[in-house]
Every structure is written in C-alpha cells, then in structure tokens.
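Below, each chain spelled out in residue letters.
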Amino acid sequence: MRAQVSVILPVHNAEPWLDECLRSVLQQDFEGSMELSVFNDASKDKSMAIIEKWKVKLEDSGILVVIGGHDSPSPRGVGYSKNQAIAQSSGSYLCFLDSIIGCQVRREPPNSTERYTRWINQLAPEQLLTQGVPEDLLLFYNHLRKGGGVRRVDQSLLLYRYHPSAATHSVLEATIWTHRVRFLEERALPHWATFTIWNAGKQGRRLYRSLTAGARHKVVAFCDVDENKIKKGFYCYEDSQERPKPRVPILHFRAARPPFVICVKLDLTGGAFEDNLRSLHLQEGRDFLHFS
C-alpha cells in the first residue's frame, strides 16, 4: 500500500544521534499513512543495529520502515543516499528529516552558527526563493525547474545539529558556488537586460569572473560604500581574453541603478548595509537578489 508521506533519512555513522532522530519519527502526530525510508551509506558503527531496533517499534505503531544501503569501503555521499532513499520510497509526499528550508530551527549546540541560525529563522515566505540556500541544493533546484514551489511554516520543526563530522562539511564551497552561479544565470539573469553587482570587493569580483561571457556583458557597474574602491573608478578583468580588457565602473550605491545582485553578507555591518538597502525602497526578487 502506498504511503501518503515518506520520511527520507540518509544515514552514515549516525550512532550518537539515531535514537533521538528515530524517536522523533515515532512521535509525529500526522494522522495519515507514513513510511520511513532509510538508506545506510556504508556506516561502520552501530547505526544498522539501532535502525533494526527502531524498525520494530515504528512498524508496531503503523509506520512502515524501508531499509536500503551498501557496505562499500567508503560512503558515496549524502546526495547519493538521499536519492536512493527516495527511489525505494512510495509516498506521494517526501519529508526530508534533515531538510532546513521552510521552517524555523533549533541549533545544537545552541550557540553554534548564531548568525546563520538567525538568518534561517527570520526568512519571510517570499524570501525562500530569493535567499533560501538549502543543503539539498540540486534537489531544490530541480524541484523548481519542474514547476515546484516552497512554503514557509513559521514553527520550529527541526533540531539542526552542528558537529565536525556532519555531511555539510564534506561538500566543497567551490562546488556550491558553481551550482548557485549557474542557477542565477538560468533563472534570474535572463529577465534583466543589465544589472549591477553590489560589492566591488573580493566576493563581487569573484561573481563577475564566474559568470559566462554573455552574463558578464550585462554587468554595467559594481557599487560599494568603500571610498577607496569608488575612487579607483573601475574594475579591470585582467584575465579576460577580450581586447580591450573589460573595465567595469565602480559607483557609490546611491549612484548605481538596479537591478542588483548583492554579494554582501547580511548581519555583519551592525545594520548599516541593511539600512542602505532599505533606503532605496526596492523590491526583493524584482529589483535585487542576494548572492552571498
């Protein structure tokens, strides 16, 4: 019988946290049919024994448990494991037990990544598409490409654990950056004839260099508040094969024109950047996007 909801759980050496995790599945108050789809990604600890123990408890409560996995010498990664757990599931809806987009979270330890946690918990519903950067990035992007949407539930539904062995740390920052740039070019930039990059510093210049040639040609300026950068007058892309090499003006943000791709990290300037942005009375998604 097909379940209404499949809870997706990739597992790799999760022994210290599995009991608490699986107890949370048992304690769900959802009244429809539910299954738990677990994929064990080459765990070398006692994860499988814990899963088998909880399988009995869960199925006694009416929650079907589907278990897959492999015992190769090395794990194949959280993305692979999630895809396998999805493939073996039957639910009409998928619930990712470790997904952070769309709800508020509690951090464990409580004071870890305070700025990031504050950002997650303050996102407005309309910002899920303009600022949301879920850990399941490729799945999220493919979901949107197929016409899917996102909804905000303003409740704390997730205990988001931070520890040195978390799968989060295994994904290279450069890989995430590349996927985000390509998605920016695919989804947002085609709607803009030109745009300004807000940040004439390292991150702004990195974004400019990461763009395809066609997207780079749409950049009419960088903008900033740093007088030294503004006095320089322009950024020259020295590695360009074009002749003459591109020279992009650097303007004060009040002299620049939207739309903006903003490469300034939020909550780091004592509110100064946020005040500057609000003073322009722009609409997020139409006049600017955050890319930081």
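Residues numbered from 1 in each chain as written. Predicted model: local features only at pLDDT ≥ 70, side-chain atom pairs only at ≥ 80, totals over all residues. Heavy atoms only, no water.

Participant: Where do I start with the pattern of salt bridges in this structure?
Facilitator: Side chains carrying opposite charge are able to pair once their charged atoms draw close together. Going through the model one piece at a time under the given rule, you end up with 12 salt bridges. Arg118 is the salt-bridge partner of Asp267, the closest N and O atoms lying 2.5 Å from each other. With Asp267 in the loop between strand E11 (260-262) and helix H10 (272-279) and Arg118 in helix H4 (residues 114-122), this pair connects stretches of sequence that are 149 residues apart. Of the charged contacts in the structure, one is a salt bridge between Asp226 and Lys229, with a shortest N-O distance of 3.1 Å. (Salt bridge = Lys/Arg side-chain N within 4 Å of Asp/Glu carboxyl O. Helix = DSSP H or I, 4+ residues; strand = E, 2+ residues; numbered from the N terminus.)

Participant: What is the right way to look at unusual backbone geometry in this model?
Facilitator: For residues that are not glycine, phi is negative in most cases, and the peptide bond is trans in most cases. Across the junction of Glu108 and Pro109, the peptide omega takes the value 0°, indicating a cis bond. Here Pro109 is to be found in the loop between strand E5 (103-108) and H4. Of note, the bond from Arg243 into Pro244 is cis; its omega dihedral lies within 30 degrees of zero at 0°. In this structure, Pro244 sits in the loop between strand E9 (234-236) and strand E10 (247-252).

Participant: Quick question: what am I supposed to make of the environment of Gly79 here?
Facilitator: As for its placement among the helices and strands, Gly79 is situated in helix H3 (residues 78-87). Sequence-wise, Gly79 and Leu289 are 210 residues apart; in three dimensions their C-alpha atoms are separated by 27 Å.

Participant: I keep staring at H10 and nothing clicks. Help me out?
Facilitator: Every buried residue belonging to H10 is among Phe273, Glu274, Asn276 and Leu277, and all of these are buried. With its buried residues spanning 160° around the axis, H10 presents them on a single face. His281 occupies a position one or two residues after H10 and carries a positive phi of about 55°. (Buried < 20%, exposed > 50% of the residue type's maximum accessible area, 1.4 Å probe, protein only. Arc of directions from axis to C-beta.)

Participant: Looking at this structure, how should I read the sheet that holds strand E3 (residues 64-70)?
Facilitator: Strand pairing in a sheet relies on backbone hydrogen bonds. The paired strands run either parallel or antiparallel. Across the sheet, 4 strands lie side by side as E3-E2-E1-E4; this open sheet has parallel pairing. For this open sheet the edge positions go to E3 and strand E4 (93-96), each flanked by a neighbour on one side alone. Averaged over neighbouring strand pairs, the angle between their axes works out to 25° when direction is ignored. Relative to E4, strand E1 (residues 5-11) is paired through 4 bridges, and the arrangement is parallel. Opposite Val5, over in E4, you have Tyr93 as the bridge partner. Each of E1, strand E2 (34-41) and E3 is contacted by helix H2 (residues 47-60), which is oriented at about 165° to E3, the strand it contacts most. (Pairing = 2+ DSSP bridges. Axes fitted to C-alpha atoms, helices over the stretch in contact; angles between N-to-C directions. Contact = heavy atoms within 4.5 Å.)

Scope: geometric values only; no functional claims are made or implied.
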